[in-house]
Amino acid sequence: MSAPAIELADLHKNFGATKIIRGVSLTVPTGERHAIIGPNGAGKSTLFNLISGRFTPTSGSVRLRGEDVTGMPPYVINRRGLSRSFQVTNIFPRLSVWENIRCAVLWSLGYKYSFWRGIDGLTDVRDRAEAILHEIELSDRREVQAGVLTYAEQRALEIGVTIAGDARIILLDEPSAGMSAAEAARAVALIRKVSQGRTLIMIEHDMGVVFDLADRISVLVYGQIIASDVPARIKQHRAVQEAYLGTAA
Amino acid sequence: MSDVTTDTVQLPAAASGASAPRYADAVRYAAPWIAVAVAFAVLPMIFSSGSALTTLSLMGIMIVFALSYNMLLGETGLLSFGHAVYYGLGGFLAIHAMNTVIHDHLPLPLFLIPLVGAFSGLLFGIIFGSVSTRRAGVAFAMISLGLGELVASSSLILRGFFGGEEGVSTNRTKLLHVFGLNFGPQIQVYYLIAFWCLVCMIAMFAIRRTPFGRMCNAVRENAERAQFVGYNPQVVRFMAFALAGLFAGVAGALAAINFELVNSSMVGAEPSGLVLLAAFVGGIGNFIGPVIGAIIVTWLEVTLSDMTDIWQLYFGLLFIGVVMFAPSGIAGLLMMHVPLWRARAYRPLSRLVLTYLIALVPALATLAGLIAVIEMIYHRSVKASDGATISLFHVTLDTTSVVPWIAAIVLLIGGFLLFRRTWPVVGAAWHDAIMYAQGAGKKK
């Protein structure tokens, strides 16, 4: 059997004296849709930052498809096949929607730092960027500056930039945050579509979205995973209800 | 800039289409460059005087230098205070190469000397860039300033290479003559500069439209996000820096050929500041901006320094004015009107231009008043011993009499008050034009 998509072993992260992540071990098999839930300040985004290379763990290890990537910079981890989105929209604000997507496509198609090939002539880049634009339904907004899109459009672009590089493992940090019910439903449909055949880990507060999408759910409370199981059993989990669901619902 | 890409990226279907659109594309890409080449060829026939030819040559050098600077500032978001290092070192290595070629009778024509400048600029760009581009923002700016000071001060110590106070001179006519060109007359030097200027412009324009060029913009916009799509922003910055050094080196070599003399001031703070000024005044957000800036700054430098001792003061005022009132530069101001032109809003556009002309009258009066006040103060405080009168705009002013002072102040203040009254008129005309253009867009 192939190595799991992601393997976290006894991961710790301290900021000064404050312990944010206190020993997280988690295995996400290839092809699973995994949701991470937990109260505010539990360390969910920090966990994503450790996996994606934004932060270096204080101790413990991160393995990506069997390879140790602990402490590697984000661009190396991205090239190994992991892509992530951000809770606070993180795009190229003064570039057009089209350029945002195109920049996110380039590395995965092998163009690297090429300064001798005209970008407009690269049909594979154009076709892939077109396909992504179509998928996130921003085709008719392509020339608009990303910074002036509506909030929901920016969230869609955020997902577009994340999936454009065709990464096998995708981390989405609160993809439906701040959306209306209708927008969230569209976001779920989009996520379901783009995570087809990939490994997905997402942080999400909307329990409807979580139970709708996830194969498995992990509950993070105060920097530790207190439960990790299929949705039906997470719902009945006593500690989870006390720590999270009970107070939320 | 982005509007050009609009047409070419429309639909994937266009890619699989016949060769006809490709041919049309090629024509559309080439047409502006052919126009520039023709302009470069024809200009010295229109402005044929010796001084005009010199000015045109300087403009060509400055265009290359300013565009290379904008690869850093405009494209990659790197504010450098020491770009003259690569310009100056390109100039020094080019002039040493010329002297070696002359001395050893090497078969290298003058025409290829700019390649020596390119290589030198690239080399020093790689060396210094490997240090300075590890960081962006303020840290990068400070390191560039430090490196600039480092090289400028070594230029006074390493006399063998930099030639001390008097610099290093050469004789460009002593190199191998090809096609009977000895590069003695300025017109031949002009065409050499024009050729390399065109080559560099095309190269720098083309680099913007490559994967690397686009990632420069991405790193400028959001270096962190660039990392999460697979790019190391340090590598992008380093490459931009090295390439900017290369083109600055070409500009330096052209300057060495043009003056047949380089000295330590060429690596100093003054050309570093001037190139920043040229790029910014022209506009760093458009490719054409630094070109406009280079032309204006060179023209002002040549003409103003003939007219007044304190021409640098006016440069400073110009810079402050642009930063405060038109931060996107002259090109940015021009580009604001492109959507109106596109929407065929010709009538409101012409009304808008008319209001500009109306506003221009009091603006010029204000400027004249300001210049008169500055020049009279300067004359009274520094040059009073030369006599009481100065000549300004072909008018003789007696600085000891009260009349010219009152006249100047009335022009300055009265002109400004009138100028302010034209703002709402211009604003209304602008509003009308935009509304008209938007209406036209909706109808389509």
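Just so you know, these numbers come straight off a predicted model, no measurement behind them. (Residues numbered from 1 in each chain as written. Chains lettered and ligands numbered in written order. Predicted model: local features only at pLDDT ≥ 70, side-chain atom pairs only at ≥ 80, totals over all residues.)

**Thoughts on the overall build of chain A**
The cut-off we apply is this: Where helices and strands are cited, they refer to DSSP runs of H or I of at least four residues and of E of at least two residues respectively, numbered from the N terminus. Throughout, the radius of gyration refers to the C-alpha atoms, and the reference size of a globule is 2.2 Å times the residue count to the power 0.38. Partly exposed residues are those whose C-beta has more than 12 but fewer than 20 other C-beta atoms within 10 Å; with 20 or more the residue is buried, with 12 or fewer it is exposed, and the C-beta atoms are placed from the backbone. Think of it this way: build a C-beta for each residue from its backbone, and any pair within 7 Å is a contact.
Broken down by element type, chain A carries nine helices and 10 strands. Its C-alpha atoms give chain A a radius of gyration of 18 Å, near enough to 18 Å, the size a compact globule of 249 residues would have. A principal-axis box enclosing the C-alpha atoms of chain A has dimensions of 55 × 40 × 40 Å. Expressed as a percentage of its 249 residues, the buried residues of chain A come to 46%. Across chain A, every contact between residues at least 6 apart in sequence was considered, and the portion connecting residues at least 24 apart equals 64%.

**Here we look at the sheet that holds strand β6 (residues 82-84) of chain A**
All names here are of chain A. What counts is decided by this rule: When DSSP locates at least two bridges between a pair of strands, those strands are taken to pair. A fitted line through C-alpha atoms serves as each axis, taken over the contacting stretch for helices, and the angle formed by two N-to-C directions is quoted from 0 to 180°.
Strand order in the open sheet formed by six strands is β6-β7-β8-β3-β9-β10, with mixed pairing between adjacent strands. Looking at the sheet topology across the chains shown, the edges are occupied by β6 and β10 (224-229). Within the sheet, the average angular offset between the axes of one strand and its neighbour, ignoring direction, is 15°. With three bridges connecting them, β6 and strand β7 (residues 169-173) associate as parallel partners. In the sheet register, Arg84 faces β7, and the bridge partner there is Leu171. Where helix α1 (residues 44-52) meets the sheet, it contacts β3 (33-37), β6, β7, β8 (199-203) and β9 (216-221), and its direction lies at approximately 150° from that of β7.

**Some points on the sheet that holds strand β4 (residues 59-64) of chain A**
Residues and elements named next belong to chain A. Read across the open sheet, the four strands follow the order β2-β1-β4-β5; overall the sheet is antiparallel. At either end of the open sheet lies a strand with only one pairing partner, and these are β2 (18-28) and β5 (67-68). Bridge analysis of strand β1 (residues 6-15) against β4 gives five bridges, and the strand direction is antiparallel. The partner of Glu7 across the bridge, within β4, is Arg63. α1 rests against β1, β2 and β4 of the sheet, and its axis sits at about 65° to β2.

**Describing the interface of chain A and chain B**
As a reminder, the rule being used: Amino acid classes used here: Ala, Val, Leu, Ile, Met, Phe, Trp, Tyr, Cys and Pro are nonpolar; Asp, Glu, Lys and Arg are charged; the rest, including Gly, are polar.
At the interface, 39 residues of chain A touch 30 residues of chain B. At the level of secondary structure, the elements contributing two or more residues to the side of chain A that touches chain B comprise α2 (74-79), β6, α3 (97-106) and α4 (123-135) of chain A. Residue contributions to the side of chain A that touches chain B peak at six residues, all from α3 of chain A. A class-by-class count of the residues in the side of chain A that touches chain B yields 18 nonpolar, 10 polar and 11 charged.

**What about the domain arrangement of chain B?**
For an interface, size is often stated in terms of accessible area lost upon the parts coming together. Applied cut-off: An automatic or database domain assignment supplies the start and end points of every domain.
Domain annotation of chain B identifies domain 1 (47-328) and domain 2 (338-443). The C-alpha-based centres of domain 1 of chain B and domain 2 of chain B are spaced at 33 Å.

**What about the environment of Gln145 of chain A?**
Residues and elements named next belong to chain A. Following the sequence through the fold, Gln145 ends up in the loop between α4 and α5 (151-164). Among the residues examined, Gln145 registers 16 C-beta atoms within 10 Å and is labelled partly exposed. When the C-alpha positions of Gln145 and Gln196 are compared, they lie 29 Å apart, and in sequence the two are 51 residues distant. Not counting chain neighbours up to four residues away, the residues in contact with Gln145 comprise Arg94 and Ser96.

**Some details on the nonpolar core**
Nonpolar side chains in soluble globular proteins tend to end up buried together. Selection criterion: Working definition: the nonpolar core is a set of buried Ala, Val, Leu, Ile, Met, Phe, Trp, Tyr and Cys residues, joined through C-beta atoms within 7 Å.
Ranked by internal contacts, the top residues of the largest apolar core, which has 174 residues, are Val64 and Phe247 of chain B. In terms of residues, this core owes the most to one element, helix α11 (residues 233-259) of chain B, which gives 19 residues.

**With respect to the pairing of β4 of chain A**
Residue and element names in this part refer to chain A. Here β4 runs beside β5; their pairing, made up of two bridges, is antiparallel. Its bridge partner being in β5, Leu64 is matched across the sheet by Glu67. In this antiparallel pair of consecutive strands, β4 and β5, the connection spans two residues, and Arg65 shows a positive phi of 45°.

**A look at the pairing of β10 of chain A**
Across five bridges, β9 of chain A lies against β10 of chain A in antiparallel orientation. If you follow Leu220 of chain A over to β10 of chain A, its bridge partner there is Ile225 of chain A.

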